[in-house]
Amino acid sequence: MQLFRPPTRAERMNSSTGTWQEQYRRKLFSAEEVAAHVRDGDRICLGGGDTIPRAFVHEMLMRAENLNMRRLYLMVGFTQGKEEFMEEKYDDMLRMESIFIGSPPEREAARRGSTSYVPTNLGNIREWLDTHNPRIVAIGVSPPNEDGYMSRSTFGGLCHRSIIENAEIVIAEVNNVLPNLGGPDLKLHVSEVDYILEDNHPLGWITDIPTTEKEQQIGAYIADFVPNGATIQLGFGGLSTAVGFFLKDKKDLGVHSEVIGTSIVDLMKCGAINNSKKTYMPGKSVGCFSPGNASVIEYLHNNEDFFFTEIGNINDPNIIARNNAMISINNTLMIDLTGQANSEALGKVQYSGSGGQLQFVIGSQMSPGGVSILALNSTYIDKQGRLQSKIVPEMPAGSVITTPRTFVDVVVTEYGAVKLKYISADQRMKALISIAHPDFRDELRFYVRQWGRR
């Protein structure tokens, strides 16, 4: 007996006759016309970062205001700056759910209560989206290639293919500034969408953050853990830049990373990364999204040295572990003397998200020869201007634990690197105190003695 298989979106849309160019013209509408399909109470999934469809969002908000809509629900994976839907005047009408608090304006929206963070691993975006089954998916895409395929582009892997398959309405906002990314997974054919609009707004380039002296010291320690031929995972920001600088003399590095940013592009340009020794997808830098600047976007466009795919494929620990000598490098905000790490919240305030940290921590340690590294500056300045330690005796009440102590491997500060995996609790305390700021080491030892430890 043949089991029933629901038709794919492409099959359902096959009633569209003619060439893809003819279909494109028939599906092309103004942003106002497309936004007219939004209904009060709709749940809408938007692309993240530079694939947020800004022209559609603007007309959607205008329509919602004019019709006095009571509530729209937006599902967003990542923002880079202040989007129009974050304006305070929409707080009563919009409810946003975010799987990663990505920018200061989004943190402010979360503080006001209009944005709510969804605590889950970034690799579980598909399950999150499928659970809520939004009626409308609206994403920014690159212009079609000669075969009619658009690319879901720089943040496409954060708006999962399955939700496109299941949505009642799929809207593609074509932006000729968005790059076409390598690999088939983020392709979206003209025949698969319901409505197309065009808006060539500029991208929200992320400026490279200068590295601090502390980050440079941390980067030098981390580089010692990266052998020639290793596969690396890097984030973005000052630490990523610092690590990248100290990896330029390495040979035959590979990439398996959520983020493809300036550091990875620079390492490819100088030849340190060539993916020749990778055991999973050799020859390809594998990634999901890129919050890069103009030079990064230009380098990514139509570059077949990259394979971009869904975040669930990137962050699956079993797939991560298929890379030999997988070295994952992630930031953390605070670590206590047991080794548990908080990488996403400041007290009870959500600062970023769980992201893919735990999945990469686990996957890299499953990899033959793999190492998981958590890095942090040893101190910070509090609101009163006082120096405080980021290595603490115990987590403050209400703190979030992103990586449990049982999974923490190597921890690095500007004062050195220690390997916590498979050493005793007492040894962990001594190791972590040894890389704390010298001004706090006696205080930390005092707490250890208070606990009856030596």
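Read on for a plain summary of the structure. All of these numbers come straight from a predicted model, not from anything done at the bench. (Residues numbered from 1 in each chain as written. Predicted model: local features only at pLDDT ≥ 70, side-chain atom pairs only at ≥ 80, totals over all residues. Heavy atoms only, no water.)

1. Points about the pattern of salt bridges
Within the structure shown, the criterion is met by 16 salt bridges. Across the pair E97 and R43 runs a salt bridge whose closest N-O atoms are separated by 3.7 Å. Taken as a pair, E97 in strand β3 (residues 94-98) and R43 in strand β1 (residues 43-46) lie far apart in primary sequence, 54 residues in all. The shortest N-O distance in the salt bridge between R135 and E168 comes to 3.0 Å. Of this pair, R135 sits in the loop between α6 (125-132) and β5 (136-141) while E168 sits in the loop between α7 (161-166) and β7 (169-174), and the two are 33 residues apart along the sequence. Among the charged side chains, a network of salt bridges with common partners joins D42, R135 and E168. (Salt bridge = Lys/Arg side-chain N within 4 Å of Asp/Glu carboxyl O. Helix = DSSP H or I, 4+ residues; strand = E, 2+ residues; numbered from the N terminus.)

2. A look at the environment of Q23
Inspection of the secondary structure puts Q23 in helix α2 (residues 20-27). Taking the relative accessible area as the measure of exposure, Q23 reaches 6% and is therefore buried. Distance in space between the C-alpha atoms of Q23 and P291 is 31 Å, their sequence separation being 268 residues. (Buried < 20%, exposed > 50% of the residue type's maximum accessible area, 1.4 Å probe, protein only.)

3. A few points about α2
Among all positions in α2, only W20, Q23, Y24 and K27 are buried. Each buried residue of α2 sits inside an arc of 105 degrees when the element is viewed along its axis, so together they form one side. Looking at the buried positions of α2, the neighbouring elements they touch are β7, β8 (187-189) and β9 (195-198). (Arc of directions from axis to C-beta. Contact = heavy atoms within 4.5 Å.)

4. Notes on the sheet that holds strand β10 (residues 231-233)
Pairing in this open sheet of 6 strands is mixed, and the strands run β11-β10-β14-β19-β23-β24 from one edge to the other. Of all strands in the sheet, those with a lone pairing partner are β11 (254-255) and β24 (416-419), marking the two edges. As defined by bridge partners, strand β19 (residues 371-375) adjoins strand β23 (residues 410-413) across 3 bridges and the pair is classed as parallel. Directly across from A375, in β23, lies its bridge partner V412. Relative to β23, helix α8 (residues 213-223) is tilted by about 150 degrees, and along the sheet it contacts β14 (326-331), β19, β23 and β24. (Pairing = 2+ DSSP bridges. Axes fitted to C-alpha atoms, helices over the stretch in contact; angles between N-to-C directions.)

5. What about the nonpolar core?
V137, M150, L158, F289 and I311 are the most contacted members of the largest nonpolar core, which has 39 residues in total. Listing elements by their share of this core, those giving two or more residues are α2, α6, β5, α7, β7 and α12 (311-314). Apart from residues lying up to four places away in sequence, V137 is in contact with C45, C159, I163, I164, A167, I169, V170 and I171. Core analysis: the second largest hydrophobic core is formed by 33 residues, V226, L234, M268 and V371 among them. (Core = buried A, V, L, I, M, F, W, Y, C linked by side-chain atoms within 4.5 Å.)

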